[in-house]
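Each chain, written out:
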Amino acid sequence: MKKMFCTIMHGIGRVYETLRFGSGILHWVTFWEGIKVFAILGATGKVGQTTATALREVGVPVRAVVRDRSKANQLAALGCEIAIADLQDAPALARAIDGTCAVQIICPVCAQGANASKEMGRSIESIGKALEAVQAPAVLAISDYGAELDSGTGVTMLFHALEERLRRMASRLIFLRSAEHMENWSRVIKVAVQTSALPSLHHPLTKLFPMVSAFDVGAIAARLLLSPFEDHVSPRIVHVEGPRRYTPLDVAGVVGALLGRKISAYELPRTDWSATLRLGGLSESYTQLVIDLYDAHNAGRIDVQPGVDETCYGKTEFLDALKPLMPSVLG
Ligand SMILES: NC(=O)c1ccc[n+]([C@@H]2O[C@H](COP(=O)([O-])OP(=O)(O)OC[C@H]3O[C@@H](n4cnc5c(N)ncnc54)[C@H](OP(=O)(O)O)[C@@H]3O)[C@@H](O)[C@H]2O)c1
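1. Things to note about the overall build of the protein
Along its length, the protein carries 14 helices and twelve strands. Within the protein, counting contacts between residues at least 6 apart in sequence, those at least 24 apart form 76% of the total.

Given below as structure tokens:
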């Protein structure tokens, strides 16, 4: 019933949108208000906050789901409703998303978790139960390149599990498969600052790989949420990457340009991966997931899924994604 209501309202909303663009008289955004609320999980994060902001900028009602109210001031100032829930607390999550027409979900992995897979598995199950409890009509899940593969992809296997769990539900689905976030490199830049060398797990150094700014992922997610779910097969699979692909040599060039000195990329020998990642503070279980992921990357297994032709491109270049992070990296 709820699903039918949302479908009808979404359809009417589209008519108003068309009229607005056709005549310039009607303001469809005003029309949306009071009808549709979008729930955004992880709303204090880079992706979630960008989506929430983009939706609020066009006047769409947003319920920002956060686990810590003290971090929600900026979201409240944007006009978001605030709901409190931990991703691993299914009843609280169900209350937080109840009555919304679409839910954007993320499933963060805890890099320090003693059993990272098990912890993410708990979040996946909790999110799945909450979505089922409220019969969420539509769900956009932030997923990962390579999530269609069912073995040997480490961290990405967790997104495979997430997609499989969501496919069991009646909701209309969008899987927004994100390439590696450009912002991840901020962790490695500290090493480059100290040693003028940039270790890479991507081998060889001339290999082009996809990356995207997390903020572009959030903005594209907002655009997808606003496009009618019913116009596409479910699950609608969309890949998102940056304006172009980069090699580890390109990455070192950009870091060097930002630091004002030469930075040389080198292939971190595979035998050193485990110790290096552990030194960086990753738990043993997460380290293994990262190793398996980069083995899959270097074997050329992680890319746009063959036969899936919807890919979006963020506008942010790698240099522009890193620039704002430099002050905190340089400390
Ligand atoms: N990094 C990549 O290369 C990559 C690639 C593909 C997909 N992804 C996906 O993209 C997602 C979003 O990325 P992002 O850049 O927005 O991450 P982010 O900036 O680190 O934000 C993570 C968000 O998740 C929230 N969160 C974490 N654990 C939670 C819990 N137990 N209960 C409730 N909220 C919790 C955080 O809340 P607090 O502010 O309270 O900590 C924060 O709002 C990631 O979680 C991952 O699933 C990432």
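From this point, the discussion proceeds with the structure in view.
2. Details of the sheet that holds strand β3 (residues 81–84)
Reading across the sheet, the eight strands line up as β3-β2-β1-β4-β5-β6-β10-β12 and stay open at both edges, with parallel pairing between neighbours. Every interior strand has two partners, whereas the edge strands, β3 and β12 (311–313), have only one. Pairs of neighbouring strands in the sheet enclose a mean axial angle of 20°, with direction left out of account. Bridge count between strand β5 (residues 138–144) and strand β6 (residues 172–178): seven bridges; the pairing is parallel. For Val139, the partnering residue across the bridge sits in β6 and is Leu173.

3. Some words on the site of the ligand
In the neighbourhood of the ligand, 22 residues make up the surrounding shell, with Gly42, Gly45, Val47, Leu87 and Pro108 lying closest. Only α3 (46–57), β5 and β7 (180–181) provide two or more residues apiece to the shell around the ligand. Residues that form the shell around the ligand fall into these classes: seven nonpolar, eight polar and seven charged.

4. A few points about the packing of helix α6 (residues 116–133) against helix α7 (residues 155–167)
Running from amino to carboxyl end, α6 crosses α7 at an angle of 20°, the nearest separation of the two axes being 10 Å. Comparing their axes, α7 and α6 come out roughly parallel. Handedness of the α6/α7 crossing: right-handed. Packed against α6, whose contacting residues are Ser117, Met120, Gly121, Ile124 and Gly128, the element α7 presents Leu158, Ala161, Leu162, Arg165 and Leu166 at the interface. Partitioning the contact of α6 with α7 into residue classes produces six nonpolar, three polar and one charged.

5. Regarding the packing of helix α11 (residues 270–279) against helix α12 (residues 284–298)
Interhelical geometry of α11 versus α12 gives an angle of 135° and a closest axis separation of 10 Å. The angle between α11 and α12 places the two elements in the oblique class. Considering the relative orientation of α11 and α12, their crossing is right-handed. Contacts from Trp273, Ser274, Leu277 and Arg278 in α11 reach Thr287, Val290 and Ile291 in α12. In terms of residue class, the contact of α11 with α12 is built from four nonpolar, two polar and one charged.

6. Here we look at the environment of Ala214
Relative to the helices and strands, Ala214 is located in helix α9 (residues 214–226). The sequence separation of Ala214 and Gly314 amounts to 100 residues, and the corresponding C-alpha distance is 9.2 Å. Once residues lying within four places of it in the same chain are set aside, the contact partners of Ala214 are Lys46, Val47, His181 and Glu183.

7. Considerations on the confidence of the model for the protein
The share of residues in the protein with pLDDT of 70 or more is 89%, and the mean pLDDT across the chain is 90. Here residues 5–34 is a poorly scored stretch, pLDDT under 50, and it has 27 contacts once near neighbours within four places are set aside; other chains count.

8. Observations regarding the environment of Asp86
Within the fold, Asp86 resides in the loop between β3 and α5 (90–97). With 15 C-beta atoms packed within 10 Å, Asp86 lands in the partly exposed category. Each C-alpha atom of the pair Asp86 and Arg67 lies 5.1 Å from the other, and the pair is 19 residues apart in sequence. Apart from residues lying up to four places away in sequence, Asp86 is in contact with Arg67 and Ala92.

9. Looking at the pairing of strand β10 (residues 236–241)
Of all six residues in β10, five are buried, a share of seventy percent or more. Strand direction decides the pairing type here: β6 and β10, joined by five bridges, are parallel. Its bridge partner lying in β10, Arg177 is registered against His239. Pairing of β10 with β12 involves three bridges; the strand directions are parallel. Looking across to β12, one finds that Val240 is bridged to Cys312.

10. Describing the nonpolar core
Counting 95 residues, the largest nonpolar core has Phe38, Ala64, Val65, Val139, Leu176 and Ala221 as its most contacted members. With eight residues, the single largest contributor to this core is α9. Ignoring anything within four residues of it in the chain, the contact list for Phe38 reads Leu55, Val60, Val62, Thr100, Cys101, Ala102, Gln104 and Leu225.

11. Some words on the environment of Pro137
Relative to the helices and strands, Pro137 is located in the loop between α6 and β5. Of the residues examined, Pro137 has 22 C-beta atoms within 10 Å and is grouped as buried. For the pair formed by Pro137 and Ala102, sequence separation is 35 residues and the distance between their alpha carbons is 6.3 Å.

About the thresholds
Residue positions are given per chain, counted from 1 along the sequence in the order it is written. Note on the predicted model: pLDDT of at least 70 is required for a residue's local features to be given, and 80 or more for side-chain atom pairs to be given and counted; whole-chain, interface and lining totals, by contrast, use all residues. Only DSSP runs of H or I with at least four residues qualify as helices, and only runs of E with at least two residues qualify as strands; both kinds are numbered from the N terminus onward. For every residue pair, C-beta atoms are placed from the backbone, and the pair is scored as a contact if these atoms sit within 7 Å. Strands were regarded as paired on the criterion that DSSP finds at least two bridges between them. Axis definition: a line fit to C-alpha positions, over the contact stretch in the case of helices; interaxial angles, taken between N-to-C directions, run 0 to 180 degrees. By definition, a residue lies near a molecule or strand when the C-beta atom built from its backbone is within 6 Å of it. Under this grouping Gly is polar, as are all residues other than the nonpolar Ala, Val, Leu, Ile, Met, Phe, Trp, Tyr, Cys and Pro and the charged Asp, Glu, Lys and Arg. An angle below 35 degrees is treated as roughly parallel, one above 145 as roughly antiparallel, one from 65 to 115 as roughly perpendicular, and anything else as oblique. If you view the pair so one helix is near and one far, a crossing is left-handed when the near helix is turned anticlockwise from the far one by less than a right angle, and right-handed when it is turned clockwise. Each residue carries a pLDDT score, the predictor's own confidence in it, on a scale running from 0 to 100. Here a residue counts as buried when 20 or more other C-beta atoms fall within 10 Å of its C-beta, as exposed when 12 or fewer do, and as partly exposed in between; the C-beta atoms come from the backbone. A set of buried Ala, Val, Leu, Ile, Met, Phe, Trp, Tyr and Cys residues, joined through C-beta atoms within 7 Å, is what we mean by a nonpolar core.

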